[in-house]
Amino acid sequence: MASRRTVLTGSAAAAIAAGVGIAAPAAASPGGPDRAALQAALDRIVATGATAALARLDGPSGTWRGSSGVVELGRPARPAPGGRYRVGSITKTFVATVILQLAGERRLALDDTLERWLPGAIANGSRITIRNLLQHTSGIFDYTELLFASFEDVLRARYRTFRPEELVALAAAQPPVFEPGTSWAYSNTNYVLLGLIVRKVTGRAYGREVDRRILRPLRLYGTEVPGTDTTIDGPHAHGYEPIERDGRPVPLDFTDLNPSMAHAAGEIVSTTADLNRFYRTLLSGRLLRRAQLAEMLTPVGELSYGLGIYQQELPGGPTLWGHTGGIFGFISYSFSTPDAATQLSISINPWIGDAGQAVVDLALLAFGVTAPSALRAPATPFPVMGVRPPRA
């Protein structure tokens, strides 16, 4: 679900950039990533109105990681390049991987109905399959459209603990958006339901299965499924949301929140290094059997969405696989080449502005398009999917 933000004028963008201390470009490394160009691209993301940004590129020619901006407004310290952040809907790829592992173990089938595993959860559950949930062709209403209908609603929900069944009930009370399998529409409810299916099949919470099957085997020590923990442990940049005072936007620190509002649709906390390792391992075929990976990478719908992952064409460059994420105070991107050779992960703490084109420019550089300025016109920002509603 895209997040629309007010675009800053040049002078306002420059003022924000000065206030958050854009980092000086690092020296270029012969034979490896153009570190100076990558850092400059990351700095442009902050110049659009973010308070901080992190990025990491891993590929055959080496690794680059960078940071820009500040840890917290009013504090000049730069964020740690290896810091942690809320990844939002990138959580969905982890959940889909667990579901597909269970399918490979024949503990469930993608054509099983929702009704089989969660009787009565959704009125037409006998016509909705697990595959429909994974690829967003279920037609189930997105609960976030009700839970976060206004910013006042967001504030009320910020520290509240939600049971996943409560989130599903919000959606179940609404009519279907379309008949299952007849169209495509992104719905966070689908993945809350998938988290409940994991619990029903395994007898353990979906987060424990993510930890047991993915985090520990891959040694993703910077990643956790936080449950109801409202804080981010370890080094991290603060996230902000704009609120209006005296007719102008001011930043509200939104770093802490109860992630149960997102559950299996978007609660994970991670790092750029961990996400790159996760997608590299996934796309290299080391987490899923061949048949299940093929299912995952079969795109449908307007966003070329697979099963918890989607296909992104890069203008003048390769077609990538990965996911984006948005949750209050944080926007994230994580993408890989299909051959698992190169990965790029980005975290942004948006304030006001639109970093879409700057993100595309960074991705073009990272994936080998050396003259991104020539592609500005056709470049399309990566759609940000998350647990937040569109904002004017």
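Each remark here, short or long, concerns the structure printed above.
Summary of the structure given here. (Residues numbered from 1 in each chain as written. Predicted model: local features only at pLDDT ≥ 70, side-chain atom pairs only at ≥ 80, totals over all residues. Heavy atoms only, no water.)

1. Considering the environment of Val201
The criterion, for reference: A run of H or I in DSSP counts as a helix once it spans at least four residues, and a run of E counts as a strand once it spans at least two, with each numbered from the N terminus. Note on exposure labels: buried denotes an accessible area under 20% of the residue type's maximum, exposed denotes more than 50%, and partly exposed covers the range between, all computed with a 1.4 Å probe on protein chains only. Contacts are residue-level and defined by heavy atoms, with any inter-residue pair within 4.5 Å sufficient.
Note on placement: Val201 falls in helix H9 (residues 188–202). The exposure class assigned to Val201 is buried, which follows from its relative accessible area of 14%. Val201 sits 94 residues away from Arg107 along the chain, and the two C-alpha atoms are 7.2 Å apart. Those residues in contact with Val201 that lie beyond four places of it in its chain are Leu102, Arg107, Leu108 and Trp117.

2. A few points about the environment of Tyr240
Just so we agree on the cut-off: Polar contact is defined as a pair of N or O atoms within 3.5 Å, subject to the rule that within protein one atom must be able to donate a hydrogen and the other to accept it, and that residues adjacent in sequence are counted only when both atoms are side-chain atoms.
With respect to the helices and strands, the residue Tyr240 is situated in strand S4 (residues 240–245). On the basis of relative accessible area, Tyr240 is assigned to the buried category, the value being 4%. Sequence-distant contacts of Tyr240, that is, excluding residues within four places in its chain, are made with Thr51, Glu72, Leu73, Pro251, Leu252, Asp253, Phe254, Gly329 and Pro350. Reaching out from Tyr240, the side chain makes a polar contact with the backbone nitrogen of Leu73 at a distance of 2.9 Å.

3. Focus on the packing of helix H3 (residues 91–104) against helix H11 (residues 272–283)
To keep it simple, the criterion reads: Helix axes are fitted to C-alpha atoms over the stretch in contact, other axes to C-alpha atoms as well, and angles between N-to-C directions run from 0 to 180 degrees. By definition, turning the near helix anticlockwise from the far helix through less than a right angle yields a left-handed crossing, and turning it clockwise yields a right-handed one. The nonpolar class holds Ala, Val, Leu, Ile, Met, Phe, Trp, Tyr, Cys and Pro. Asp, Glu, Lys and Arg form the charged class, and all remaining residues, Gly among them, are polar.
Closest axis-to-axis distance for the H3/H11 pair is 12 Å, and the angle between their directions is 35°. Considering how the two elements wind past one another, H3 and H11 form a crossing that is left-handed. Residues Thr93, Phe94 and Thr97 of H3 lie in contact with H11, whose contacting residues are Leu275, Phe278, Tyr279 and Leu282. For the contact of H3 with H11, a count of residues per class yields five nonpolar, two polar and no charged.

4. Considerations on helix H13 (residues 356–366)
Buried residues dominate H13, accounting for 10 of its 11 residues. Against the buried residues of H13 lie helix H2 (35–47), strand S1 (50–59), strand S9 (330–336) and strand S10 (343–350). One or two positions beyond H13, positive phi appears at Gly368, with a value near 95°.

5. Concerning H3
Short version of the rule: Expected span of a helix, by definition, is 1.5 Å for each gap between consecutive residues, and there is one gap fewer than residues.
The end-to-end C-alpha distance of H3 is 20 Å, a good match for the 20 Å that 14 residues give at a rise of 1.5 Å each. When you tally the buried positions in H3, you get 14 out of 14 residues, the bulk of the element. Once H3 ends, the next one or two residues include Arg106, with phi positive near 60°.

6. Section: the packing of H3 against helix H10 (residues 206–215)
Rules: Working rule for angles: under 35 degrees goes down as roughly parallel, over 145 as roughly antiparallel, 65 to 115 as roughly perpendicular, anything else as oblique.
Here H3 crosses H10 at 80°, and the two axes come no closer than 10 Å. The pairing of H3 with H10 is recorded here as roughly perpendicular in orientation. In this structure, H3 contributes Thr91, Phe94, Val95, Thr97, Val98, Gln101 and Leu102 to the contact, and H10 contributes Tyr206, Glu209, Val210, Arg213, Ile214 and Leu215. Its residues placed into classes, the contact of H3 with H10 shows eight nonpolar, three polar and two charged.

7. Here we look at the packing of aromatic side chains
Condition: Ring geometry is summarised as follows: Phe, Tyr and Trp rings, the Trp one being its six-membered ring, pair when their centres sit within 6.5 Å, and such pairs are stacked at plane angles under 30 degrees, edge-to-face over 60 and tilted between the two. In this scheme, the term charge over a ring applies when either NZ of a lysine or CZ of an arginine sits within 6 Å of the ring centre and within 35 degrees of the ring normal.
Enumeration according to the criterion identifies 11 aromatic pairs in this entry. Arranged with centres 3.9 Å apart and planes meeting at 10°, the rings of Phe94 and Phe278 form a pair that is stacked. Taken together, the residues Phe94 in helix H3 and Phe278 in helix H11 connect sequence positions 184 residues apart. For Phe94, a relative accessible area of 0% gives the class buried. Aromatic side chains Tyr186 and Tyr305 sit 6.3 Å apart centroid to centroid with 70° between the ring planes, which places their arrangement in the edge-to-face category. Note that Tyr186 is positioned in the loop between helix H8 (164–172) and H9 and Tyr305 in the loop between helix H12 (290–296) and strand S7 (310–313), a separation of 119 residues in sequence. On the basis of relative accessibility, which here comes to 0%, the residue Tyr305 falls in the buried class. An aromatic cluster is present here, built from Trp184, Tyr186, Tyr305, Tyr310, Tyr333, Phe335 and Phe382 joined pairwise through their rings. Between Arg158 and the ring centre of Phe254, over which it is positioned, the NZ or CZ distance is 4.1 Å.

8. A few points about unusual backbone geometry
In terms of backbone geometry, most residues other than glycine have negative phi values and most peptide bonds are trans. Unusually for a residue other than glycine, Arg219 sits at a positive phi of about 55°. Along the chain, the position of Arg219 falls in the loop between H10 and S4. Residue class for Arg219 comes out exposed when judged on its relative accessible area of 56%. A positive phi angle, close to 50°, is found at Ser304, a residue other than glycine. Secondary-structure assignment places Ser304 in the loop between H12 and S7. For Ser304, a relative accessible area of 25% corresponds to the partly exposed category.

Treat this as a map of the structure, not an account of what it does.
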